[in-house]
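# Structure at a glance
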Amino acid sequence: MNDSASLADPEALVSVRGVNKSFGAQQVLFDVDLDVAPGEVVVVIGPSGSGKSTLCRCINRLETIDSGEILLAGVRLPEEGRALAAMRAQIGMVFQSFNLFSHRTVLQNVAMGPRKVLRQPRDEAESLARRLLARVGLAHKADAVPAELSGGQQQRVALARALAMQPKVMLFDEPTSALDPEMVSEVLAVMLELAQSGMTMVVVTHEMGFARQAADRILFMDAGRIVEIAEPEAFFSAPRSERARDFLSGILEH
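Residues numbered from 1 in each chain as written. Predicted model: local features only at pLDDT ≥ 70, side-chain atom pairs only at ≥ 80, totals over all residues. Heavy atoms only, no water.

Where an unreviewed UniProt entry is consulted, the protein appears under the name Amino acid ABC transporter ATP-binding protein, with the organism given as Paraburkholderia sejongensis. The Subcellular location (unreviewed entry) comment attached to the protein in UniProt states, word for word, "Cell membrane". Under the heading Sequence similarities (unreviewed entry), UniProt records this for the protein: "Belongs to the ABC transporter superfamily." (UniProt positions renumbered as here; feature names shortened; annotations may be inferred.)

Turning our eyes to something else, we now look at the nonpolar core. One broad rule of soluble globular proteins: the nonpolar side chains tend to lie buried together. Counting 55 residues, the largest nonpolar core has M170 and M201 as the members making the most contacts within it. Among the elements that make up this core, the one with the highest residue count is helix 7 (residues 181-196) (nine residues). The contact partners of M170, leaving out residues within four places of it in the chain, are G92, V94, L159, A162, L163, L194, M199, T200, M201 and V202. With 27 residues, the next largest nonpolar core counts L13, V14, C58 and V169 among its residues. (Core = buried A, V, L, I, M, F, W, Y, C linked by side-chain atoms within 4.5 Å. Buried < 20%, exposed > 50% of the residue type's maximum accessible area, 1.4 Å probe, protein only. Helix = DSSP H or I, 4+ residues; strand = E, 2+ residues; numbered from the N terminus. Contact = heavy atoms within 4.5 Å.)

So, on to the environment of S102. Within the secondary structure layout, S102 lies in the loop between strand 6 (91-94) and helix 4 (106-116). With residues near it in sequence (within four places) discarded, S102 still touches V145 and P146.

What follows covers the packing of helix 4 against helix 6 (residues 151-163). In the contact formed by helix 4 and helix 6, the axes pass within 7 Å of each other and the chain directions differ by 25 degrees. The angle between helix 4 and helix 6 falls in the class roughly parallel. Crossing of helix 4 against helix 6: the hand is right-handed. Where helix 4 abuts helix 6, its residues V106, N109 and V110 lie against V157, A160 and R161. The residue makeup of the contact of helix 4 with helix 6, split by class, is four nonpolar, one polar and one charged. (Axes fitted to C-alpha atoms, helices over the stretch in contact; angles between N-to-C directions. Parallel < 35°, antiparallel > 145°, perpendicular 65-115°, else oblique. Left-handed = near helix turned anticlockwise from the far one by under 90°. Nonpolar A, V, L, I, M, F, W, Y, C, P; charged D, E, K, R; others polar.)

Pairing is antiparallel across the open sheet formed by four strands, whose spatial order is 2-1-4-5. For this open sheet the edge positions go to strand 2 (26-36) and strand 5 (75-76), each flanked by a neighbour on one side alone. Bridging between strand 1 (residues 14-23) and strand 2 involves seven bridges; their strand directions are antiparallel. Opposite V19, over in strand 2, you have V32 as the bridge partner. Here helix 2 (residues 52-59) sits on the sheet and contacts strand 1, strand 2 and strand 4 (67-72); the angle it forms with strand 1, its principal contact strand, is near 120 degrees. (Pairing = 2+ DSSP bridges.)

Laid out in structure tokens, this is it:
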């Protein structure tokens with residue numbers, strides 16, 4: 001019997017148990033434990049270099065872990081191979097960069113995953129893609145190529161592309177950090193709608209307004225450790241840790 005798996009919350013969609021991660025001699029995650037319930041939105045905040053993005057990337061094995069384990073719906077993420085690819089297909093991810101195929105249209109970018117991975121017929125995949133483009137406010141851009149879109153529009157396409165795989169959970173790694181300020185709100189609006197629709201989400205962000213509005217829980221990290229987990233109102237009004245208080249006071253002063 002796997003001891004750490006037995007400690008995981010049986011109701012959790014994502015379970016992170018005792019995860020440690022190093023890059024060379026530098027350890028960046030220390031014994032991280034986290035459960036994310038179905039339909040829950042967990043927003044991960046903290047100073048730069050605190051391990052937020054690494055944690056996010058470990059959840060779908062974009063980064064391997066040194067020890068511990070990660071489970072999706074109670075099943076441990078495989079180490080490699082087809083089993084890992086199949087499970088990773090259930091975890092959508094939106095990055096800082098959009099990573100769209102520049103030579104393909106917006107519609108083709110969104111429909112590609114369902115066609116190639118889920119083996120959907122072309123008309124079915126494109127119908128799904130059109131519905132998702134409408135959901136993110138870009139139905140009129142279906143035939144455009146990424147270079148014809150603004151950064152905010154490209155990120156919304158990337159979000160639609162991730163949703164097209166019909167994932168169980170969505171991971172967001174600083175999805176607005178590469179955008180001009182006027183484009184941030186359009187992406188956050190789509191993410192907020194997604195959160196309110198019941199999608200399970202883990203969001204790494206510096207957008208405190210979104211964190212207050214969308215999160216069920218705030219996870220504050222510092223120096224590779226989870227320092228504090230609390231509901232937004234409690235965290236922002238009365239953080240328990242001195243490190244979180246310092247972090248928030250620094251943000252509020254700017």
